[in-house]
Amino acid sequence: MPASPVLDGLRPVVESLRGEAGFIYIAKAREVASRGVKVISFGVGQPDIPTFDHIIEEGKRALDERFTGYTETAGIPELRQAIADYLNDRYGAGVGPDEVIATTGAKTAIYLALAAFLDPGDEILVPEPSYPAYPEVARALGAVPRFVTLRWLGSGKGFELDLEALEAAVTPKTKMIVLTNPHNPTGALFSPRQVDELLDLARRRNLIILADEIYDNFVYEGGFRSVLEHGDWRDYVLYVNGHSKTFSMTGWRLGYLVARREVARKLTRLAVNIYSCAPSISQRAGVAALRGPWEPVKRMVEEFRRRRDAIVEELSKVPGFEPYTPKGAFYIFPRVQSILDQAGMSTEEFVDHLLYSRGVVTLPGTVFPEKAGEGFIRFSYAVSIDKIREGVARIREEVERLLERAKR
Ligand SMILES: Cc1ncc(COP(=O)(O)O)c(C=O)c1O
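Residues numbered from 1 in each chain as written. Predicted model: local features only at pLDDT ≥ 70, side-chain atom pairs only at ≥ 80, totals over all residues. Heavy atoms only, no water.

A. Fine view of the domain arrangement of the chain. Domain assignment breaks the chain into domain 1 (5–50 + 296–407) and domain 2 (53–291). Averaged C-alpha coordinates put domain 1 and domain 2 at centres separated by 25 Å. The junction of domain 1 with domain 2 conceals about 3,400 Å² of combined surface from both sides, 59% of it contributed by carbon and sulfur atoms. Put simply, domain 1 and domain 2 have two salt bridges between them. At the junction of domain 1 and domain 2, the tally comes to 21 residue pairs in polar contact (both at pLDDT 80 or more). Sorting the residues of the side of domain 1 that touches domain 2 by element identifies helix H13 (295–315) and strand E11 (331–332) as the ones contributing at least two each. (Domains from an automatic or database assignment. Buried area = accessible area lost by both parts, 1.4 Å probe. Salt bridge = Lys/Arg side-chain N within 4 Å of Asp/Glu carboxyl O. Polar contact = N/O pair within 3.5 Å; in protein donor to acceptor, adjacent residues only side chain to side chain. Helix = DSSP H or I, 4+ residues; strand = E, 2+ residues; numbered from the N terminus.)

As structure tokens, this is what we get:
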């Protein structure tokens, strides 16, 4: 066979990258559905309702006006101003529009932040379980993710940051710590005290906090402390947020990165070489989203609160499940280890079993992204209450059957 530099030249690290499980399970679910099974999916993390009407109208208007060309790389001035106003109204952050860079989804903001700050060999501390993009991108860049397990407080209690373990994991090579709050995949809302302590750690050890607050509107109770509430955020924080979840705009690909102005200006040079600008139509729609009305968002979040209550209630009836009341995002990550022990299954086998035997999609905790999620499974409850009740009832029947069989 002739040598192929395309085949042979791929960097091994790229070959070793993990895909995102939500997307992998979409394909598995499709295969099960093709056999005529009515699949219920708690897999992928996106609101089940379409983008709100007034946002779609503005997108159409942008098209009608042929607003279809490139824009400024950092985003149209109206969008950067609307983002700054949003953050300042909510968090008193004093963000200037020149400190905002619009991106093609929050993921590109994460990529920009990591690519601009991590040299090969640099370490980034990632509380685990974690949304996989941060460690995977870090690895692709030649940097080293160091996982620090979140503290599992037990059934009924959920998760919190382990600040002592984070501090103990800091080495001379550590450059950055990830804070996803509210948290994917656990639905945890880290307390203001923990967020303050993390910022304090960053100050003492001279580290960057990569703060991803994309779920900041999905807060059901308890105080939410944005990192931007810290008056000195400019010295320590790279801030990620976006429109995907709050306005149900996942397909519009609009997110943003906030960094102090001197840095934002330089990051824009990296951005222009990667994606030129966020989609022009989405940017116009994104202004309308932030300017409101906000009632549709509030209604959606209230509905999600009811769904959360329903899924907690239903999961509490399943033997061997250890749920808790997640305070944010739209995920719950119950422990199921005792079922696995009794049924002699791995986390992945259990998740596959629920899909193939009962047509219910969940995600194994082990895809977030390594070991800390062993014995846990993730539900995205961004589906109707009827589906929640039916999906969990199917799981309950199957678990009862498995446990009964294990006794024999
Ligand atoms: C914590 C977190 N950050 C970022 C993203 C990606 O958002 P986007 O679709 O805007 O790229 C997600 C999506 O699931 C997420 O859960």
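B. Looking closely at the packing of aromatic side chains. According to the stated counting rule, one finds 22 aromatic pairs in the structure shown. Residues Phe-304 and Phe-330 carry aromatic rings whose centres are separated by 5.4 Å and whose planes lie at 75° to one another, so their mutual orientation is edge-to-face. Of this pair, Phe-304 sits in helix H13 while Phe-330 sits in the loop between H13 and E11, placing them 26 residues apart in sequence. The pair formed by Phe-304 and Phe-330 is uniform in burial state, with each residue classed as buried. Aromatic ring contacts, followed pair by pair, group Trp-152, Phe-159, Tyr-324, Phe-333, Phe-368 and Phe-376 into a single cluster. Residue placement shows Arg-284 over the ring face of Phe-67; its charged tip is 5.2 Å from the ring centre. (Phe/Tyr/Trp six-rings, centres within 6.5 Å; stacked < 30°, edge-to-face > 60°. Buried < 20%, exposed > 50% of the residue type's maximum accessible area, 1.4 Å probe, protein only. Lys NZ or Arg CZ within 6 Å of the ring centre and 35° of its normal.)

C. Up close: the site of the ligand. Surrounding the ligand, one finds 13 residues, the nearest of these being Asp-212, Tyr-215, Ser-244, Lys-245 and Arg-253. A distance of 2.8 Å is found between an oxygen atom of the ligand and a side-chain nitrogen or oxygen belonging to Asn-184. Contact distances for the ligand include 2.8 Å between an oxygen atom and a side-chain N or O atom of Arg-253. With the chains in place, 93% of the 400 Å² that the ligand exposes on its own is no longer accessible. (Near = heavy atom within 4 Å. Areas by Shrake-Rupley, 256 points an atom, 1.4 Å probe, with all protein chains shown as cover.)

D. Examining unusual backbone geometry more closely. Residue Pro-129 is bonded to the preceding Glu-128 through a cis peptide linkage, with omega at 5°. Position of Pro-129 among the secondary structure elements: in the loop between strand E3 (123–128) and helix H7 (133–140). Non-glycine residue Asn-206 carries a positive phi angle of around 60°. Here Asn-206 lies in the loop between helix H9 (192–205) and strand E8 (208–212). For Asn-206, a relative accessible area of 68% gives the class exposed. Residue Arg-253 is not a glycine yet carries a positive backbone phi of 55°.

E. Focus on the environment of Leu-150. Looking at where Leu-150 falls in the secondary structure, it is placed in the loop between strand E4 (144–149) and strand E5 (151–154). For Leu-150, a relative accessible area of 6% corresponds to the buried category. For the pair Leu-150 and Arg-139, spaced 11 residues apart in the sequence, the C-alpha separation amounts to 21 Å. Residues contacting Leu-150, with those up to four places away along its chain left out, are Pro-127, Glu-128, Pro-129, Phe-159, Glu-160, Leu-161, His-183, Thr-186 and Phe-190. (Contact = heavy atoms within 4.5 Å.)

F. Representation of the sheet that holds E11 in the model. The three strands are arranged E11-E14-E13 in an open sheet whose pairing can be described as antiparallel. Every other strand in the sheet has two partners, leaving E11 and strand E13 (363–364) as the edge strands with one partner each. Note: E13 against strand E14 (residues 377–380), two bridges, orientation antiparallel. Residue pairing across strands places Pro-364 opposite Ile-377, the latter belonging to E14. (Pairing = 2+ DSSP bridges.)

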